[in-house]
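Summary of structural features
Chain by chain, the residues run as shown.
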Amino acid sequence: MPELTEQAILNDSVRMDLDTRFCFRCGPDRACFNRCCGDVTIVLSPYDVLRLKKALKIESSEFLEKYALTMRSRERQVPVVLLRMNESDRRCPFVGESGCGVYGHRPWPCRMYPLGMAEPKGPNAATNRFYFMVEEELCQGRRGGKERTVREWIEDQQLEAYDQMQGQFLELMSHAGWDAPAPLSPEKLDMYFMALYDLDRFRRFVFNTRFLEIFNVDEERAAAIAGDDEELLEFGIDWLAFSLFGEKRMKLRNPPPPAGPGTETWPHAGA
Ligand code: SF4
Ligand code: SF4
């Protein structure tokens, strides 16, 4: 099988759209059962991390420390989070004899498999989106099984919530401000990582520092982000769009109160 590089996907994949039909069946009776849950690179989106730490009932910092690897993206040098495979056997830490131990909260790539999705770069990336089969020799799922469309697969795998949150993240990631050559400062890199991936730390940052003295967040939204991780992630994306690119998604109190001794501040647009 050819290596699944970005170039190979763009050049060699048979492009599928939402109405393309395909057959697939997975289950414990397949000889390959669970073999796909090892020695695999799974990039976690911010929403994947949110769902997995919820499944495990642990804080985001603990999840990131125990179950994730953080790399830097090649071009922008921003953090990219991967699911950490076991060191001993290269298996996913969540796979057991009866299958995925976090099935209801499994990450986007695990839900989507055997399909992949690509958006060729350009001004209309979302409209150029296509789907393709991830052809792996070990996977017997393509031998028979129910025929359905890509659209039906996406519905069956309950990918709508993932796609909605991913859409907001991708909008941030495709912002024209990234074209500026200067890399993010260490402080802004930490903001980026905290607001997208380390949500429990971000919540403490919002409520335990001068953040709400500097930013004018209405009571309803403050209550929502206090108790709801999805709301907090959306808020974090807005804050990053403001702080990194000056998008008018946050309101500053006018004038911000002076910092007292020992109070924590944070860089914002123009800082
Ligand atoms: S390899 Fe394919 S058929 Fe086998 S368990 Fe994984 S997804 Fe299912
Ligand atoms: S999260 Fe679940 S489905 Fe995904 S690799 Fe791990 S065990 Fe397999």
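Residues numbered from 1 in each chain as written. Chains lettered and ligands numbered in written order. Predicted model: local features only at pLDDT ≥ 70, side-chain atom pairs only at ≥ 80, totals over all residues.

Moving on: the site of ligand 2. Around ligand 2, the neighbouring residues are Cys37, Cys92, Phe94, Val95, Cys100, Val102, Arg106, Pro107 and Cys110. Grouping the amino acids of the shell around ligand 2 by side-chain chemistry returns eight nonpolar, no polar and one charged. (Near = placed C-beta within 6 Å. Nonpolar A, V, L, I, M, F, W, Y, C, P; charged D, E, K, R; others polar.)

This part takes up helix α8 (residues 199-208). Among all positions of α8, only Leu199, Phe202, Arg203 and Val206 are buried. Buried residues of α8, viewed axially, fall in a sector of 100 degrees; they line one side. The inward-facing, buried residues of α8 abut α2 (46-56), α3 (60-67), α7 (186-196), α9 (211-214), α10 (219-227) and α11 (229-245). (Buried ≥ 20, exposed ≤ 12 C-beta atoms within 10 Å, placed from the backbone. Helix = DSSP H or I, 4+ residues; strand = E, 2+ residues; numbered from the N terminus. Arc of directions from axis to C-beta. Contact = placed C-beta atoms within 7 Å.)

Partitioning the chain into structural domains gives domain 1 (6-173) and domain 2 (177-245). Taking only C-alpha atoms, the centre of domain 1 and the centre of domain 2 are 26 Å apart. Counting residues at the interface gives 18 residues for domain 1 and 19 residues for domain 2. Within the residue set of the side of domain 1 that touches domain 2, elements represented by two or more residues are α2, α3, β4 (79-83) and α6 (160-173). Among the elements that make up the side of domain 1 that touches domain 2, the one with the highest residue count is α2 (five residues). Residue composition of the side of domain 1 that touches domain 2, by class: eleven nonpolar, four polar and three charged. (Domains from an automatic or database assignment.)

Near ligand 1, the surroundings consist of Cys26, Arg30, Cys32, Phe33, Asn34, Arg35, Cys36, Tyr113, Leu138, Cys139, Gln140 and Gly141. Here the shell around ligand 1 is built from residues that sort into seven nonpolar, three polar and two charged.

In spatial order, the strands read β2-β4-β3; together these three strands make up an open sheet with antiparallel pairing. Strand pairing shows two members of the sheet lacking a second neighbour, β2 (43-44) and β3 (68-72), which therefore form its edges. Here two bridges tie β2 to β4, and the two strands are oriented antiparallel to one another. Within the sheet, the bridge partner assigned to leucine 44 lies in β4 and is valine 81. (Pairing = 2+ DSSP bridges.)

Generally speaking, soluble globular proteins have nonpolar side chains that are buried together. With 41 residues, the main nonpolar core has Val49, Ala195, Phe202, Leu232, Leu233 and Leu240 as its most contacted residues. Ranked by the residues each element gives to this core, the list is headed by α11, at eight residues. (Core = buried A, V, L, I, M, F, W, Y, C linked by C-beta atoms within 7 Å.)

Here we take up the environment of methionine 250. Along the polypeptide, methionine 250 turns up in the segment after α11. Of the residues examined, methionine 250 has 18 C-beta atoms within 10 Å and is grouped as partly exposed. For the pair methionine 250 and phenylalanine 94, spaced 156 residues apart in sequence, the C-alpha to C-alpha distance is 38 Å. Discounting chain neighbours no more than four positions away, the residues touching methionine 250 are Phe215, Asp238, Trp239 and Phe242.

The omega torsion across tyrosine 113 and proline 114 is 15 degrees, close enough to zero to call that bond cis. Mapping proline 114 onto the fold places it in the loop between α4 (108-112) and β7 (115-118). Positive phi, normally seen in glycine, also occurs at asparagine 34, with a value near 75 degrees. Tracing the backbone through its elements, the reader meets asparagine 34 in the loop between β1 (21-24) and β2. Positive phi outside glycine occurs at arginine 90, with the angle close to 60 degrees. Along the chain, arginine 90 turns up in the loop between β4 and β5 (95-96). Classification of arginine 90 by C-beta neighbours within 10 Å gives exposed; the count is 10.

Further remarks concern the environment of valine 80. Inspection of the secondary structure puts valine 80 in strand β4. Residue classification places valine 80 among the partly exposed positions, given that 15 C-beta atoms sit within 10 Å. For valine 80 and leucine 44, which are 36 residues apart along the polypeptide, the C-alpha to C-alpha distance reads 7.8 Å. Contact partners of valine 80, with chain neighbours within four places excluded, come to Val43, Met71, Arg72 and Ser73.

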